[in-house]
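Examining the three-dimensional arrangement
Spelled out, the chains give:
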Amino acid sequence: MSEEQTLKIEKIQKGTVIDHIPVGRALQVLKILNIYSDIGLTVSIAIHVKSKKLGLKDVIKIEERILDSSELNKIALVAEGATISIVDNFEVIKKFSVKAPEVVIGILRCSNPRCITNTGENVKSSFIITSKDPIILKCHYCEREMETDEIIENIV
Amino acid sequence: MWLNRDLVSIGDLSKEEILEVLAKANSLLEYGKSGHPDLPLKGKIIATLFYEPSTRTRLSFESAAKRMGAEVLGFGSLESTSVAKGETLLDTVRIIDGYSDAIVLRHPSEGAARLASEYSEVPVINAGDGAGQHPTQTLLDIFTIWKEVGKVDDTTIGFVGDLKYGRTVHSLSKALSLFNVNLHFISPEQLKLPKHIRKEIEKKVTVKEHKDLEEVIPKLDVLYVTRIQKERFPDPEEYKKVAGTYVLRASTVSRGKRSMVIMHPLPRVDEIPFEIDNLPQARYFRQAAYGVPVRMALLDLILRGE
């Protein structure tokens, strides 16, 4: 991060920084992470920040919380290419970009109420990514397509 | 490769494979009425699991199986089955899998056949999953066009009626987009073809939308009529008005080519009055009859690979 941006949000001692979120998507990422109100942790959000890489971006810092891989896969659905930094004792100990997988299994409900995956059968939902920008997922079973808003509403 | 293959969605088939089914159905056409003399599927058992009522699809599958010499078992309603006791689809499929050589499945939930195909060792043929896929209907529709018009490429096909909810229209128009065709969609504003389907097919073929059948009928080689369902309209008055506008009149048919072929997936209600049945253009009963040879062809391809 540049000096200018670190002035806006302080460095964290321990936790997760989600950088290079496509501008305007920070609130969707928070929704995916189930951060609606006071979760007892300090969460800093910067929206519409200048970025050399993206022009403009959003940034989220969550103190004391290390995201697991299932949460990261979910973020990739709305913020492909976001950079995750795991921070400990003010040092970045791990840094990587999230990538949307080709197939999304088990982390979303199909938005079609008549889909067989919503009828109590013992089956995990499964979606194929048919477009990355904008993201479009197609249910492997009922073939219904979902776009960003529906995807966010149906994350489990 | 056809042997032991599932048929879940018409999108699973290439144009070449569709043409292969048509040619095979044509070669079996005469046996659709009399039965195949060699009984090529003798000793095979076809299970027909119908979780929803159906007349044409179930009976034409059963007729096709028997004409080829196969035995049929299954159910057409749920009252006397374990499903009525709450058994899941997957459990039922895994059990019937052990009793049969192929499963023909109709189910109210979309995606049911795809799921069943993943758990069944024997091939699963989708006979309609809710508002989802019904690939054998699409194949018999294409067969009807091929037989009655004489070709599929270079034809102009008009769909009229409920184009929003009608699954036969969706999958037939997608399958036709593999061919060189012109498609016209005629419907009231409320029942227009869904945008995502239009977007998908107009990448490959010419698509035009209309409100008035009269203006487009002279161009058509095929007129595919569908039923406008009352329950799609919150206001019954609005339904009456719209449905009345889309009733096919003999005077409208006379504006079209004499060689035009009128199709309908059936059952019809008022959209095709009985007077049309006697016109040479009316082919919907023949279309329904073609369900038998087309399903004979599919069963033979899937169970014997030839």
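Residues numbered from 1 in each chain as written. Chains lettered and ligands numbered in written order. Predicted model: local features only at pLDDT ≥ 70, side-chain atom pairs only at ≥ 80, totals over all residues. Heavy atoms only, no water.

Some details on the sheet that holds strand S9 (residues 145–146) of chain A
Residues and elements named next belong to chain A. Spatially, S6-S7-S8-S9 is the arrangement adopted by the four strands of the open sheet, whose pairing is antiparallel. Each edge of the open sheet is held by one strand with a lone partner, namely strand S6 (103–105) and S9. Of the strand pairs in this sheet, strand S7 (residues 126–132) and strand S8 (residues 135–139) are connected by five bridges, and their pairing is antiparallel. Paired with Ser 131 across the strands is Ile 136, a residue of S8. (Pairing = 2+ DSSP bridges. Helix = DSSP H or I, 4+ residues; strand = E, 2+ residues; numbered from the N terminus.)

Side note on the packing of aromatic side chains
All names here are of chain B. Applying the stated criterion to the full structure yields six aromatic pairs over all chains. Summarising the aromatic geometry, the rings of Phe 143 and Tyr 290 are spaced 5.0 Å apart at their centres and angled 90° between planes, so their arrangement reads as edge-to-face. Of the two residues, Phe 143 is situated in helix H6 (residues 135–149) and Tyr 290 in the loop between helix H13 (284–289) and helix H14 (291–304); the sequence distance between them amounts to 147 residues. Across the pair, Tyr 290 and Phe 143 agree in class, each one buried. (Phe/Tyr/Trp six-rings, centres within 6.5 Å; stacked < 30°, edge-to-face > 60°. Buried < 20%, exposed > 50% of the residue type's maximum accessible area, 1.4 Å probe, protein only.)

Some details on a nonpolar patch on the surface
The grouping of A:Leu27, A:Ile45 and A:Ile47 at the surface amounts to a nonpolar patch, some 280 Å² of accessible area in total. Residue classification places A:Leu27 among the exposed residues on the basis of a relative accessible area of 55%. (Patch = residues over 30% accessible without salt bridge, like charges linked within 9 Å, V, L, I, M, F, W, Y side chains within 5 Å. Areas by Shrake-Rupley, 256 points an atom, 1.4 Å probe, with all protein chains shown as cover. Salt bridge = Lys/Arg side-chain N within 4 Å of Asp/Glu carboxyl O.)

Quick word on H6(B)
Residues and elements named next belong to chain B. Compared with an ideal rise of 1.5 Å per residue, which puts 15 residues at 21 Å, H6 spans 21 Å between its outermost C-alpha atoms and is within 8% of the ideal. In terms of residue burial, H6 counts as a mostly covered element, since 12 of its 15 residues are buried. Along H6, the residues classified as buried are Pro 135, Thr 136, Gln 137, Thr 138, Leu 139, Leu 140, Asp 141, Ile 142, Phe 143, Thr 144, Ile 145 and Glu 148. (Expected span 1.5 Å × (residues − 1).)

Considering the sheet that holds strand S4 (residues 83–88) of chain A
Residues and elements named next belong to chain A. Pairing in this open sheet of five strands is antiparallel, and the strands run S2-S3-S1-S4-S5 from one edge to the other. Edge positions in the sheet fall to strand S2 (43–51) and strand S5 (91–97), since each of these pairs with one other strand and no more. Within the sheet, the average angular offset between the axes of one strand and its neighbour, ignoring direction, is 20°. Sheet topology note: the S4/S5 ladder contains six bridges and is antiparallel. In the sheet register, Asp 88 faces S5, and the bridge partner there is Glu 91. (Axes fitted to C-alpha atoms, helices over the stretch in contact; angles between N-to-C directions.)

Details of the interface of chain B and chain A
Listed per partner, the contact involves 14 residues of chain B and 12 residues of chain A. Contact with chain A buries surface across chain B, with B:Glu110, B:Arg114 and B:Leu115 losing the most and accounting together for 43% of the total. At the junction of chain B and chain A, the tally comes to two salt bridges. Salt-bridge contacts for B:Glu110 lead to A:Arg114; the nearest nitrogen and oxygen are separated by 3.2 Å. Here chain B is connected to chain A by nine residue pairs in polar contact (both at pLDDT 80 or more). Taken together, the elements giving at least two residues each to the side of chain B that touches chain A come down to helix H4 (89–96) and helix H5 (112–119) of chain B. When residues of the side of chain B that touches chain A are assigned to their parent elements, the largest contribution, five residues, is made by H5(B). (Contact = heavy atoms within 4.5 Å. Buried area = accessible area lost by both parts, 1.4 Å probe. Polar contact = N/O pair within 3.5 Å; in protein donor to acceptor, adjacent residues only side chain to side chain.)

Examining the domain arrangement of chain B
Note on interface size: it is often stated as the accessible area lost on association of the parts. Residue and element names in this part refer to chain B. Here chain B is partitioned into domain 1 (10–133 + 290–304) and domain 2 (136–288). Taken over C-alpha atoms, the centre of domain 1 sits 26 Å from the centre of domain 2. Taken together, the contacts link 29 residues of domain 1 with 23 residues of domain 2. Around 2,200 Å² of area is buried between domain 1 and domain 2 when both sides are counted, 67% of it from carbon and sulfur atoms. Contact with domain 2 buries surface across domain 1, with Lys 15, Leu 22 and Tyr 290 losing the most and accounting together for 33% of the total. Joining domain 1 to domain 2, the criterion identifies one salt bridge. Connecting domain 1 to domain 2 are 10 residue pairs in polar contact (both at pLDDT 80 or more). Where the side of domain 1 that touches domain 2 is concerned, the elements lending two or more residues are helix H1 (15–28), helix H3 (56–67), strand S4 (124–129) and H14. Looking at the side of domain 1 that touches domain 2, the element that brings in the most residues is H1, giving eight residues. (Domains from an automatic or database assignment.)

A look at unusual backbone geometry
Cis geometry is adopted by the peptide bond preceding B:Pro267, which originates at B:Leu266 and carries an omega value of 5°. Along the polypeptide, B:Pro267 turns up in the loop between strand S9 (261–263) and helix H12 (274–277). Not every positive phi belongs to a glycine, and A:His48 is a case in point at roughly 65°. Considering the arrangement of structural elements, one finds A:His48 in strand S2. If you check the backbone angles, A:Phe90 has positive phi at about 65° while not being a glycine. By the element assignment, A:Phe90 lies in the loop between S4 and S5.

Looking at the domain arrangement of chain A
All names here are of chain A. Each domain of chain A was delimited in the assignment, giving domain 1 (3–97) and domain 2 (103–153). Summarising the inter-unit geometry, the C-alpha centres of domain 1 and domain 2 are found 26 Å apart. At the interface, seven residues of domain 1 touch 11 residues of domain 2. Here domain 1 packs against domain 2, burying approximately 760 Å² in sum over the two surfaces, 76% of which is carbon and sulfur. Contact with domain 2 buries area across many residues of domain 1, yet Gln 28, Lys 31 and Leu 77 alone supply 57% of it, more than any other trio. Taken together, domain 1 and domain 2 are joined by zero salt bridges. The tally of links between domain 1 and domain 2 comes to zero residue pairs in polar contact (both at pLDDT 80 or more). At the level of elements, helix H2 (26–32) and helix H3 (69–78) are the ones that each hand at least two residues to the side of domain 1 that touches domain 2. For the side of domain 1 that touches domain 2, the leading source of residues is H3, giving four residues. Here the side of domain 1 that touches domain 2 is composed, by residue class, of two nonpolar, two polar and three charged. (Nonpolar A, V, L, I, M, F, W, Y, C, P; charged D, E, K, R; others polar.)

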